[in-house]
Amino acid sequence: MVTNTLSISGRENAVRIESRVLEERIQAAVAAGHTRLIVEAYGQHGIGGRLWSVGDQPVHLQITGPAGQRIGAMGFANTRIDILGPCSDDVGWLNAGAFIVIHGNAANGAANGMAQGKIYVAGNIGARGMTMTKHNPRFAPPEMWVLGSVGDYFGEFMAGGIAVICGYKPQNQANVLGYRPLVGMVGGKVFFRGPHRGFSQTDAIAVPVDDSQWQWLAGGLKAYLREIGQEDDLLPLLSQREEWQCLRARTPQERISHPKRAMDDFREKVWEQTLGKGGLVGDLTQIDRKPVGLIARGDLRRFVPVWENEKYKAPCEATCPTGIPVQTRWRLVREGRIDEAVNLALAYTPFPATVCGYLCPNLCMQSCTKQTVFLPPMDVARLGKASIEARAPELPPLSGTKIAVIGGGPAGLSVAWQLRLKGHAAVVYDTAVLGGKISASIPDSRIPKEVFDKEIERLGRVIAHVHLQQRLKKTDVEQLIEDHDFVVIAAGAQKPRLLPVAGKERLIPALTFLAAAKTGSAKVGRRVVIIGAGNVGCDVAAEVARLGAADILLLDVQEPAAFGKERTEAERAGARFRWPVFTRAVTAEGVQLDTGEIIPADSVFVSIGDVPDLDFLPADVAVERSYVKVDERFQTSHHKVFAIGDVVRPGLLTDAIGAGRRAAQTIDDIIAGRRPSSDPRSIIETRRVHLEYYDPRLVRYESLDQCGSQCASCGQCRDCGICVAICPESAISRSETGARGFEYLVSAERCIGCGFCAGACPCGIWNLLENTPLG
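Residues numbered from 1 in each chain as written. Predicted model: local features only at pLDDT ≥ 70, side-chain atom pairs only at ≥ 80, totals over all residues. Heavy atoms only, no water.

## Considering the overall build of the protein chain
Then step 1. Summing up its helical and strand segments, the protein chain has 22 helices and 34 strands in all.
Then step 2. With the principal axes as the frame, the protein chain shows a C-alpha extent of 115 × 85 × 50 Å.
Then step 3. Counting every position in the protein chain, which comprises 775 residues, the buried fraction comes to 49%.
Then step 4. Counting contacts in the protein chain only where the partners sit at least 6 residues apart, residues at least 24 apart contribute 63% of the total.
Then step 5. Surface exposure of the protein chain reaches about 37200 Å², of which carbon and sulfur atoms provide 52%.
Then step 6. Averaging the coordinates of the 88 positive side-chain charges in the protein chain and doing the same for the 85 negative ones gives two points 1 Å apart. (Helix = DSSP H or I, 4+ residues; strand = E, 2+ residues; numbered from the N terminus. Buried < 20%, exposed > 50% of the residue type's maximum accessible area, 1.4 Å probe, protein only. Contact = heavy atoms within 4.5 Å. Areas by Shrake-Rupley, 256 points an atom, 1.4 Å probe, with all protein chains shown as cover. Lys, Arg positive; Asp, Glu negative; His and termini not counted. Charge placed at Lys NZ, Arg CZ, Asp CG, Glu CD.)

## Some points on the packing of aromatic side chains
Then step 1. Counting across every chain of the model gives 14 aromatic pairs.
Then step 2. Both rings, one in Trp145 and one in Trp216, keep their centres 5.4 Å apart while their planes meet at 35 degrees; by these two values the pair is tilted. With a gap of 71 residues between them, Trp145 in strand E9 (residues 143–146) and Trp216 in helix H2 (residues 211–227) connect regions that are remote in the sequence.
Then step 3. Residue classification places Trp145 among the buried positions, given a relative accessible area of 1%.
Then step 4. Connected via pairs of aromatic rings, a cluster forms that spans Phe99, Tyr120, Trp145, Phe191, Trp216 and Tyr224.
Then step 5. One residue, Arg70, lies across the ring of Trp93, its end atom 3.8 Å from the ring centre.
Then step 6. In this arrangement the basic side chain of Arg567 is found over the ring face of Phe577, its NZ or CZ atom lying 4.4 Å from the centre. (Phe/Tyr/Trp six-rings, centres within 6.5 Å; stacked < 30°, edge-to-face > 60°. Lys NZ or Arg CZ within 6 Å of the ring centre and 35° of its normal.)

## Observations concerning empty space enclosed by the protein
Then step 1. A complete count under the given rule lists four cavities of 30 Å³ or more for this structure.
Then step 2. Taken as a whole, the largest cavity holds about 140 Å³ of empty space.
Then step 3. Around the largest cavity sit 18 residues that line it, and Cys316, Cys368, Thr369, Met378 and Cys711 are the ones nearest its centre.
Then step 4. The set of elements that each furnish at least two residues to the lining of the largest cavity consists of helix H6 (315–319), helix H7 (326–334) and helix H10 (363–366).
Then step 5. Of the residues belonging to the lining of the largest cavity, the class tally is 13 nonpolar, four polar and one charged. (1 Å grid on protein atoms, 1.4 Å probe; cavity = no way out; pocket = protein on both sides within 12 Å on 5 of 7 lines; lining within 4 Å. Points joined across faces, edges and corners; volume = space filled by probe spheres on them. Nonpolar A, V, L, I, M, F, W, Y, C, P; charged D, E, K, R; others polar.)

## A look at the environment of Arg80
Then step 1. In this fold, Arg80 is placed in strand E6 (residues 79–83).
Then step 2. Classification of Arg80 as partly exposed rests on a relative accessible area of 22%.
Then step 3. Taking the C-alpha atoms as reference points, Arg80 and Gly97, 17 residues apart in sequence, are found 9.3 Å from one another.
Then step 4. Once you skip the residues sitting within four places of it in the chain, Arg80 turns out to touch Val59, His60, Leu61, Phe99, Val101 and Glu227.

## Focus on the sheet that holds strand E17 (residues 464–467)
Then step 1. Read from one edge of the open sheet, five strands run E17-E16-E15-E18-E31, paired in parallel fashion. Edge positions in the sheet fall to E17 and strand E31 (641–643), since each has one partner strand and no second. Between one strand axis and the next, the sheet turns through 20 degrees on average, direction left out of account.
Then step 2. One ladder, built from five bridges, connects strand E15 (residues 402–406) with strand E16 (residues 425–430); its direction is parallel. Across the sheet, the residue bridging to Ala404 is Val427, located in E16.
Then step 3. Most of the contacts of helix H19 (residues 653–672) go to strand E18 (residues 486–489), to which it runs at about 170 degrees, and overall it touches E15, E18 and E31. (Pairing = 2+ DSSP bridges. Axes fitted to C-alpha atoms, helices over the stretch in contact; angles between N-to-C directions.)

## A look at the packing of helix H16 (residues 510–519) against helix H17 (residues 535–546)
Then step 1. Across the interface, H16 lies against H17 with an axial gap of 10 Å and an inter-helix angle of 40 degrees. For the element pair H16 / H17, the angle class is oblique. Every pair of crossing elements has a handedness; the one defined by H16 and H17 is left-handed. Touching Ala510, Phe513, Leu514 and Ala517 of H16 are Val536, Asp539, Val540, Glu543, Val544 and Arg546, all from H17.
Then step 2. Residue composition of the contact of H16 with H17, grouped by class: seven nonpolar, no polar and three charged. (Parallel < 35°, antiparallel > 145°, perpendicular 65-115°, else oblique. Left-handed = near helix turned anticlockwise from the far one by under 90°.)

## Observations regarding the pattern of salt bridges
Working definition: two side chains of opposite charge can pair if their charged atoms are close together.
Then step 1. The final tally for this structure, using the stated rule, is 43 salt bridges.
Then step 2. Put simply, Asp602 and Arg527 hold a salt bridge, and the shortest N to O gap is 3.0 Å. Remark: Arg527 occurs in strand E21 (residues 527–531) and Asp602 occurs in the loop between strand E26 (598–600) and strand E27 (603–606); sequence separation between them is 75 residues.
Then step 3. Arg687 is the salt-bridge partner of Glu685, the closest N and O atoms lying 3.0 Å from each other.
Then step 4. By relative accessible area, Arg687 is classed as exposed at 61%. (Salt bridge = Lys/Arg side-chain N within 4 Å of Asp/Glu carboxyl O.)

## Here's the deal with the nonpolar core
Then step 1. In this structure, Phe351, Val415, Val488, Val628 and Ile644 are the most contacted members of the largest nonpolar core, which totals 61 residues.
Then step 2. Apart from residues lying up to four places away in sequence, Val488 is in contact with Ile403, Ala404, Val405, Ile406, Val415, Phe642, Ile644 and Ile667. (Core = buried A, V, L, I, M, F, W, Y, C linked by side-chain atoms within 4.5 Å.)

## Considering the layout of surface pockets
Rolling a probe over the atoms, with the probe sized like a water molecule, indicates the empty space that remains.
Then step 1. A volume near 550 Å³ is recorded for the second largest pocket.
Then step 2. Around the second largest pocket sit 22 residues that line it, and Arg661, Arg662, Gln665, Ser678 and Asp679 are the ones nearest its centre.
Then step 3. Listed by contribution, the elements that provide at least two residues to the lining of the second largest pocket are H6 and H19.
Then step 4. A per-element tally of the lining of the second largest pocket places H19 first, with five residues.
Then step 5. Across the lining of the second largest pocket, the residue classes break down as seven nonpolar, six polar and nine charged.

## Topic: the sheet that holds strand E4 (residues 36–40)
Then step 1. A sheet is described by the order of its strands in space; here 11 strands give the open sequence E1-E4-E5-E6-E7-E8-E9-E10-E11-E13-E12, paired in mixed fashion. Both edges of this open sheet fall to strand E1 (5–9) and strand E12 (204–207), since each of them pairs with a single strand only. Sheet twist, expressed as the average angle between the axes of neighbouring strands with direction ignored, equals 15 degrees.
Then step 2. In terms of strand pairing, E6 meets strand E7 (residues 96–102) through four bridges, oriented parallel.

## Quick word on the pairing of E7
Then step 1. In terms of burial, E7 is a largely internal element, five of the seven residues being buried.
Then step 2. Pairing between E7 and strand E8 (residues 116–121): five bridges, direction parallel. Pairing of Ile102 across the sheet is with Val121, part of E8.

Structure below.
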């Protein structure tokens, strides 16, 4: 049975416990049903705050010992706190309804930011009491009652609430209000008794205490003095009504009418009367010395807002090796133009569904700005899968340029596709069906066959394909170079790397096995070891599990590099990972490690990478470390020959597709007589994008429309109009530019360079730049 009263000590084994631990114990006690707590404090902070978990159930805390800072901070309306002595800074900070009684003095910052509740102080308070208070008219205003005096800057920026300062007892009569009270006051009232050194005449005004206020004050004093045990002081405090004064905030009209001296008047009648016309340098220059207005506009602004729409790449676009403007596709979805969003991908890749929807690790999602605040990234794979319905674009007439592409994998098909979109005929030469590793070795479990077949069919209607009966020789390639304007080598990497260990002939190369598994001719034992725990090794693990293997182990010399869907599938199949281990030999029993341990295995696969077979290359095409040497535009040492994909460097499917697009652009530039160029845009800084507008409760997206609405559109204007609405000077306007185009313009005559537009823009479009210095 839970008793109502519970004592909690701020010490344990004679050692003070942390404030966090004490708060956890208080919260646990309240959750357990205790409604009265006696807390023995030893300077801990935040005691009695945030006890809202029990709803309206009243909770009473009695604090003994030295209380630390922020007692009752963010207190709830169900909470009463009695502090049996003085307390430290910020008592009742952000109070939202708690009733706090302090049987002694309170230090600085009492009732700071208070919005509801009452605070009774049986002594004096320090500086900056009741600052930045507020009042929601749906609730009773916050109240603070002080028996003695208040410190400096009392009621600073006070926006609501009532303070009663009794100015009692005699030693407190020197100055009741402290230095510069009520600066910035815009709401609320202060009743006080006793002498003072003045208050902010700009912000507050003294008014008589009327009869209704006096009745309220008399009733409130009675209740207040009873709570602090000072009922005998009621009569002295109420004996002379004329001693009490009331201060309230000036209304906007009263502030306007309050006289202020203009700077021009001061310059003319004081400054120049004392120092002469022009002041200290009046004899040296006749320049206009009139003071610049407090709020500068035009050329005098220190900062100028600039609308930088599409000046920067979004993180998703910048990290996509293919260069797809993902944020543009989501904008089209948001505008209801889903067909255009789907079709747009074909300008960048011939495999928008196969790769973006199924095979890509989605680097764009990994770099999504929303992940910086733990929001879910945009589901690009969903948009990729929808791209199976993308329609092939209209093709321009052929230019007459002839280009040969050696290799029908992702890289070769990408460059051929891009070249045809630019009006150039490209013929793909390959010994196998189109698709390269996608068609030959990636398991069907990773990509539905009908999806890939549909995209290959779309490619076939655009690209010419020569099916070779045998591998090209060096003389064949030399002839292709002579017969064509350009040749692109995209033959991929087909030779497996093997370990230089005894028994290496027993090893089964990963790609060889995956190709056999795809045709249904592969066989595996019950116990399988895979040397190399990358993504291809994980594909092998998933396939051997499908073919009946029961014990699957992946070995690596380092922490496995596998990630994403491939590793997930391998782990789902029951595969285990072990590292770091080093193979000494492969025997009939299994894999022997350099430690002498033998791992039993019926089948041993190797998946440590592949290298290209470059025997067909002419001598004038340079090779470096087993790969074709290219420049940043994928041009080889031969001016007519380009190389892309795995013949240049190992990479993702998207790397190969992106390389094909860039190589095609370079070839097109050369044909057109243009200097080859690249996208000069850099990635937008994520700090410029404001994510406060998005619902943090969403953990997944259910539809394309929902994804489109939740995309932050980094660096690309959503045309939301927030900047227009938030500009305090109405300096921003929207202008149509035709063909669904628009821009936002800034009036220099109105703009004050405050930066509200940049601070509020969801997409990071507005940038605040320092103005050009005046000459």
